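The chain contents come next:
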Amino acid sequence: MSLESVGRFPLYRPRRLRQSVALRQMVSETQLNASQLVLPLFARPGKKLRRPIGSMPGVFQLSPDELLKDVTEAHAAGVPAVLLFGIPDEKDEKASGAYARNGIVQQTTKLLKRELPDLVVITDVCLCEYMSHGHCGIVQSSPRGARILNDPTLKLLARTALSHAEAGADIVAPSDMMDGRVRAIRDTLDQGGLEETPIMAYAAKFASAFYGPFREAAESTPKFGDRRSYQMHGANAREALREVALDIQEGADIVMVKPALAYLDILYRVKTEFGYPTAAYAVSAEYSMIKAAGAKGWIDEKAVVLETLLAMRRAGADILITYSAADVARWLAGK
Ligand SMILES: [Zn+2]
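Anyway, here's the lowdown on the structure attached to this text.

Thresholds applied
Residues numbered from 1 in each chain as written. Predicted model: local features only at pLDDT ≥ 70, side-chain atom pairs only at ≥ 80, totals over all residues. Heavy atoms only, no water. Buried < 20%, exposed > 50% of the residue type's maximum accessible area, 1.4 Å probe, protein only. Helix = DSSP H or I, 4+ residues; strand = E, 2+ residues; numbered from the N terminus. Contact = heavy atoms within 4.5 Å. Patch = residues over 30% accessible without salt bridge, like charges linked within 9 Å, V, L, I, M, F, W, Y side chains within 5 Å. Areas by Shrake-Rupley, 256 points an atom, 1.4 Å probe, with all protein chains shown as cover. Salt bridge = Lys/Arg side-chain N within 4 Å of Asp/Glu carboxyl O. Phe/Tyr/Trp six-rings, centres within 6.5 Å; stacked < 30°, edge-to-face > 60°. Lys NZ or Arg CZ within 6 Å of the ring centre and 35° of its normal. Core = buried A, V, L, I, M, F, W, Y, C linked by side-chain atoms within 4.5 Å.

Now for helix α6 (residues 181–191). Within an α-helix, residues lying three or four positions from one another point in the same direction, as the helix has 3.6 residues per turn. Within α6, burial applies to Arg181, Val182, Ala184, Ile185, Arg186 and Leu189. Close packing links the buried residues of α6 with β5 (120–125), α5 (151–167), β8 (171–174), β9 (200–205) and α8 (238–250). Looking at the residues trailing α6, positive phi occurs at Gly193, about 80 degrees.

Listed below in structure tokens is the structure:
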């Protein structure tokens, strides 16, 4: 935008169009709608189980029956989609629970698709919640330390994605950050006759301190080391664009930036550069910080949540993944 093309005071007075709600809405450049929301949920085996997550007030680990209740309410409020994470009863070093035919995500997906056929069920595809060591891939230990093996992990991820799609998942969403996983998953889905199942890739996923509360929620804290050898370094924006390009070339239908608020520049660049459907994940600490300050009366939770989501939309997000999705849908409907 050149300065010459912009009116000058007193001919141009921006405040003229801010005088009423109707005027402000008429010239609003960005809209926030319930149709953009995705609600992440944590499923665990059992019945009538509703285990609060201490660091995320209002978020629970839920058995499938209880999860169905919450999703039914959220869906009725206008939330069109959920993102499922699973917490299995048992973990091992092959993440067997991730691709078990009757694993917790597979069971819950079947239940949700049977009871709420219009609901879009997205499943998180990763191994960390199912691995005894808590890493997102297969671990090789040596005297020099442990390594997360890339290529052998791809098979397990693809198998997991296939089992989710076979259970009825509408979209599979790999979050592991192994190189080549989108291609491996796409190939496996296609061979399984599921070429119509879209992939939402956690394309630019940064190693972030904002994931803290999630680890309590998903019981996925690594037993040793950290995830910095596979998740991205927060300093790198150009590398994020390469990661996104790679995932698109491998067959991603939707690309994601995670976390959201501290990475709005990445979101903007990804949307501007590629123009692909883009998702922003407002992660656990983004939720917890707002909740905590809201509970203390230091900020207005509703106003701050809506403002942050609007910022993600403005930066380029089409899809907003947020633990506040059900509340947001109600707030947008004026309830
Ligand atoms: Zn993981």
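Another aspect to go through is a nonpolar patch on the surface. A surface patch of nonpolar side chains, about 520 Å² in accessible area, is lined by Met1, Val6, Leu11 and Tyr12. By the secondary structure assignment, Val6 is in the segment before α1 (21–26). Under the relative-accessibility criterion, Val6 is labelled partly exposed at 32%.

A word on the packing of aromatic side chains. The geometry of an aromatic ring pair comes down to the distance between the two centres and the angle between the two planes. All chains considered together, the criterion is met by eight aromatic pairs. When the centroid spacing of 4.3 Å and the interplanar angle of 20 degrees are considered together, the rings of Phe206 and Tyr263 count as stacked. Of this pair, Phe206 sits in the loop between β9 and α7 (212–218) while Tyr263 sits in the loop between β10 (254–258) and α9 (264–274), and the two are 57 residues apart along the sequence. As far as the burial class goes, Phe206 and Tyr263 line up, both buried. One aromatic cluster is present, built from ring pairs that chain together Phe42, Phe85, Tyr202, Phe214, Tyr281, Tyr287 and Tyr323. We note Arg50 situated over the ring of Phe60; from NZ or CZ to the ring centre the distance is 5.2 Å. In this structure, Lys258 packs its charged tip against the face of Phe214, placed 5.4 Å from the ring centre.

What follows covers the nonpolar core. Core analysis: the largest hydrophobic core is formed by 84 residues, its most contacted members being Val82, Leu112, Ile266 and Met312. Per-element tally for this core: the top contributor is α5, with seven residues. Aside from chain neighbours lying at most four places away, what touches Val82 is Val38, Leu39, Leu41, Val71, Leu112, Leu119, Val120, Val121 and Ile122. Among the nonpolar cores identified, the runner-up in size contains 27 residues, and Ile53, Ala81, Tyr211 and Ala217 belong to it.

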